[in-house]
Each structure stands twice: as structure tokens, then as C-alpha cells.
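Per-entry structural report
Chain by chain, the residues:
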Amino acid sequence: MTMEKANLFVPLFVLFFFGSRFCKVASAGDKNALAASFVFGDSLVDAGNNNYLQTLSRANSPPNGIDFKPSRGNPTGRFTNGRTIADIVGEKLGQPSYAVPYLAPNASGEAILNGVNYASGGGGVLNATGSVFVNRLGMDIQVDYFSITRKQFDKLLGEDMAREYIQKRSMFSIVIGSNDFLNNYLVPFVAAQARLTQTPDIFVEDMINHLRNQLKRLYELDARKFVVGNVAPIGCIPYQKSINQLKDKQCVDLANKLALQYNARLKDLLMVELKDSLKDAHFVYANVYDLFMDLIVNFKDYGFRTASEACCGTEGRLAGILPCGPTSSLCTDRSKHVFWDPYHPTEAANLLIADKLLYGDSKSVTPFNLLHLRDL
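Rules used throughout
- Residues numbered from 1 in each chain as written.
- Predicted model: local features only at pLDDT ≥ 70, side-chain atom pairs only at ≥ 80, totals over all residues.
- Heavy atoms only, no water.
- Helix = DSSP H or I, 4+ residues; strand = E, 2+ residues; numbered from the N terminus.
- Contact = heavy atoms within 4.5 Å.
- Core = buried A, V, L, I, M, F, W, Y, C linked by side-chain atoms within 4.5 Å.
- Buried < 20%, exposed > 50% of the residue type's maximum accessible area, 1.4 Å probe, protein only.
- Salt bridge = Lys/Arg side-chain N within 4 Å of Asp/Glu carboxyl O.
- Pairing = 2+ DSSP bridges.
- Phe/Tyr/Trp six-rings, centres within 6.5 Å; stacked < 30°, edge-to-face > 60°.
- Lys NZ or Arg CZ within 6 Å of the ring centre and 35° of its normal.
- Disulfide = S-S within 2.5 Å.
- Axes fitted to C-alpha atoms, helices over the stretch in contact; angles between N-to-C directions.
- Left-handed = near helix turned anticlockwise from the far one by under 90°.
- Nonpolar A, V, L, I, M, F, W, Y, C, P; charged D, E, K, R; others polar.

1. Some remarks on the environment of Ser335
Assignment of secondary structure puts Ser335 in the loop between strand E9 (329-330) and strand E10 (337-339). A sequence separation of 32 residues divides Ser335 from Gly303, and the C-alpha atoms of the two residues are 8.4 Å apart. Each residue touching Ser335, except ones within four places of it in the same chain, is listed here: Phe304 and Ala348.

2. Overview of the environment of Glu309
Locating Glu309 in the fold gives a position in strand E7 (residues 306-310). Measuring from C-alpha to C-alpha, the distance between Glu309 and Tyr239 comes to 9.5 Å, with 70 residues separating the pair along the chain.

3. Remarks on the nonpolar core
Nonpolar side chains tend to gather and get buried jointly when the protein is soluble and globular. Judged by nonpolar contacts, the single largest core of 88 residues is most densely connected at Ile174, Phe181, Leu215, Phe226 and Tyr262. Here this core takes nine residues from helix H9 (residues 253-277), the largest share from any one element. If near-sequence neighbours (up to four positions away) are discounted, Ile174 is found in contact with Phe40, Met139, Leu215, Leu218, Phe226, Val227, Val228 and Gly229. Of all hydrophobic cores here, the second largest spans five residues; its members include Cys311, Cys312, Cys331 and Trp340.

4. Here's the deal with the pattern of salt bridges
Counting across every chain of the model gives 14 salt bridges. Put simply, Arg163 and Asp160 hold a salt bridge, and the shortest N to O gap is 3.4 Å. One end of the pair, Arg163, and the other, Asp160, are both in helix H4 (residues 159-168), three residues apart, so they sit about a helical turn from each other. Overall, the relative accessible area of 59% leaves Asp160 in the exposed class. The residue Asp280 makes a salt bridge to Arg224 at a minimum N-O spacing of 3.0 Å. In this pair, Asp280 is assigned in the loop between H9 and strand E6 (282-286) and Arg224 in the loop between helix H7 (200-220) and strand E5 (225-229), connecting sequence segments 56 residues apart. Overall, Asp280 belongs to the partly exposed group, its relative accessible area being 41%. One salt-bridge network, held together by shared partners, links Arg83, Glu91 and Glu347.

5. Considerations on the pairing of strand E4 (residues 170-175)
In terms of residue burial, E4 counts as a mostly covered element, since five of its six residues are buried. Here six bridges tie strand E1 (residues 36-41) to E4, and the two strands are oriented parallel to one another. For Phe40, the partnering residue across the bridge sits in E4 and is Ile174. Relative to E5, E4 is paired through four bridges, and the arrangement is parallel. Opposite Phe172, over in E5, you have Phe226 as the bridge partner.

6. A word on the packing of aromatic side chains
Taken as a whole and judged by the stated rule, the model has 18 aromatic pairs. With centroids separated by 6.2 Å and ring planes inclined at 70°, the aromatic side chains of Phe181 and Tyr262 adopt a geometry described as edge-to-face. Remark: Tyr262 occurs in helix H9 and Phe181 occurs in helix H5 (residues 178-185); sequence separation between them is 81 residues. Given a relative accessible area of 0%, Phe181 falls into the buried group. Residue classification places Tyr262 among the buried positions, given a relative accessible area of 1%. Here the guanidinium or amino end of Arg78 rests over the ring plane of Tyr98, the centre of that ring lying 5.5 Å away. Across from the ring centre of Tyr219, 3.8 Å away, lies the NZ or CZ of Arg224, which sits over that ring.

7. Some thoughts on the state of the cysteines
Evaluated as defined, the whole model comprises three disulfides. Each sulfur of the disulfide joining Cys236 and Cys251 lies 2.1 Å from the other. In this structure, the disulfide formed by Cys236 and Cys251 twists by about 110° around the S-S bond and is classed as right-handed. You can see Cys236 sitting in the loop between E5 and helix H8 (238-243) and its partner Cys251 sitting in the loop between H8 and H9, a full 15 residues away along the chain. Each sulfur in the disulfide pair Cys312 and Cys324 lies 2.0 Å from the other. The sign of the S-S torsion, about 80°, decides the handedness of the disulfide formed by Cys312 and Cys324: right-handed. A residue pair is termed long-range when its members are at least 10 positions apart, and Cys312 in strand E8 (residues 312-313) and Cys324 in the loop between E8 and E9 qualify at twelve residues. Counting only the cysteines that form disulfides, in the order they appear in the protein, gives the pairing 1-2, 3-6, 4-5.

8. Digging into the packing of H7 against H9
Two elements in contact, H7 and H9, have axes whose closest approach is 10 Å; the angle formed by their N-to-C orientations is 35°. Here the hand of the crossing between H7 and H9 comes out right-handed. Here Pro200, Asp201, Val204, Glu205, Met207, Ile208, Leu211, Arg212, Leu215 and Lys216 of H7 lie close against H9, whose contacting residues are Leu258, Gln261, Tyr262, Arg265, Leu266, Leu269, Leu270, Glu273 and Leu274. For the contact of H7 with H9, the class distribution of residues is twelve nonpolar, one polar and six charged.

9. Things to note about the sheet that holds strand E3 (residues 115-117)
Pairing is mixed across the open sheet formed by seven strands, whose spatial order is E2-E3-E1-E4-E5-E6-E11. The open sheet terminates on both sides in strands that have one partner only, identified here as strand E2 (100-101) and strand E11 (365-366). Both E1 and E3 contribute to a ladder of three bridges, which runs parallel. Pairing of Val39 across the sheet is with Asn117, part of E3. Those strands touched by helix H3 (residues 139-157) are E1, E3 and E4, and its axis lies near 160° from that of E1.

What follows is the structure, encoded as C-alpha cells:
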């Protein structure tokens, strides 16, 4: 057995075992519990789909997952040391078990009744995004996969019950868009030619047009409760600081300006256009940008030691660039770092953001928080 196959075996076994071992179906009597969570997006919420792809974007080796208790610290494909924001939100809303990765071998039968995770590291709103990783699941493909899941629900529950279960007792979380900038529009050399012919305005509008169609497709498949995260301050992540040789408190202006431009259009799409056209749907706009910027600027107030250095990373000239892996150095206290690796937050940071989304006011989440969304 090669080292690559050996590394792959552990997370595949962990995903299969824990997905089947702890799965239980929410009964109709659990009125206040979230029955199912359907998660779409990128590596911020990928729960292991990329383990089953031949891709350069993968987190199936230690020390990833070192604090993920259900797997006893073994990697599951999550790009962090513990739980993702989607994991935490599902838990606190009463979801019986984590949404199973769509590509996992146990993603069938009753296991899918608690929800399915379609997110993929490197994926984006646009199909071209993430091509540098070779393989990834873009948002279009993720919605295609949900259409297959939707038919499975009809077979499991019957058409009428399946429709009610999905419309009233399920939540659809979309966390995507960062890669469209980091691994598409802003990639050196790869996208340089495209930027000559495609202005930021045109690129952002292309993203919005694609996302509009993707959300409408989900609506046509009975999705009604949506939470859509905006793009975080990607100009402030350790990766961007490193490649641009910035100081601790500096951020890349262009990356953040693109994120803010997209976020403004996203809010209009959700809060005005789709709210008016899809009147029986509920759209929640998660202000991830401001929440993470607050953590980055005021990290000491939240008990963190640093918001510029990754806990797991490479030293030397490649520091802040290479992802977390077996040869990476590891910080002594993971709870004191905002960032797990050069790209992704720690579980400690995810917990703080999740709480704001669950219980926060309109500054964090609009027009209401996720607890309210669940109970509608």
C-alpha cells in the first residue's frame, strides 16, 4: 500500500463509520429541531467530499481534524482542526447528526434524512473556478447532485411527506464565492489575460447571474429556507499576507474590495430580487465579512493570540502558502489562533462566528438569525 493510499484509507473509514454509527432520523415530534441540513460551498464547509476526488485540494491527512471528537482526532476531510461552521450550526439547531458528504459510500438510504453536504474544497460559483486543483465540485454540479438526492427523498418518504420535510424542516446553507476570487480572478498569470477583458464589475455580475440561477434551481427542488454567506475579508488571510509580503495588520486592498463589491450585489439579490420573486422562500444574508473582520482586528478581545499566523503551516519562504499537512509545524495552543492554516479558520473562530449567525442581530445576519429561520 502506497503512502497516499494509506493516508486516504483512514478518513474514508472514519467517514463511513461515524456517518452510519450516529445517524438517526428526526421524528415528527421534534418540532423545535432541525431535521436536515443541506450544505453547499467550498473548503470552509467541505466535510470530506474531496477525499473521493483526484484533486490537489484535500485535507485527509493529519493534523487536520485533530480536535474533531467524533473521529477521535483522525482527519475526515474537513479543512480545519475541528468542526466547520456548518457542523456547529447544525448541532445547535438540533440536527440529529452531521450532514453526510454526498460522495461518501454511506450517503444513501436513511443516512441522508439528516441532510447531505455537497461542499467541495476549491469549488466556486463559476465552473472555471478552482481549475488549478484539477478536480473539485463547483456549485452547478453540487445542485445537480442535490437533484439526485431530492428523488431519493421521494422514494424514502413518499412525495408529499418529502416535500414537506424539505420545505419546512430543512435548511439550505450556501458558503461559496471566495475561490472565485482567490483561485480564479486573482490567480497570477492564470487569470491575467481574463482580467484584461473582464472588469471587476463584469466578473462580479457573472457570479451573481450564476448564483441566481443556482438558487432558483434549488427553489424548484423545494428548498425554502436559505442562508447564504457573503465572502469574508479574503485580503486578510495569512496566504494573501504571505504572497504579498505584508505586515501583520495589513491586508490586500484589491481582494477585499472585490469581496465587498460582490457582497453588495449578493445582498441585493437575496434581500430584494429573490425576496420579491420567490415569495414563499426565506433568504437569510450572513454577514461573514464583518464578523471575520471583527475577529481579525480585535482578536485579543476574543482571547486569541494572533490573527495573522496560521496554527498549522510551513516555515521558511513558503510560510503562509502551503496547506496544512503531515510535515507542517503545529502551534502549541490551537484555541489561540484565528486561522488553522493559511486559508481556513480554526474551530475556535468557527464557534464564535456560528454563535453570531445563530443568535445575533441584524448586524450579523439579515433579516433574522438562524434560530428564527429554523422555527419559521
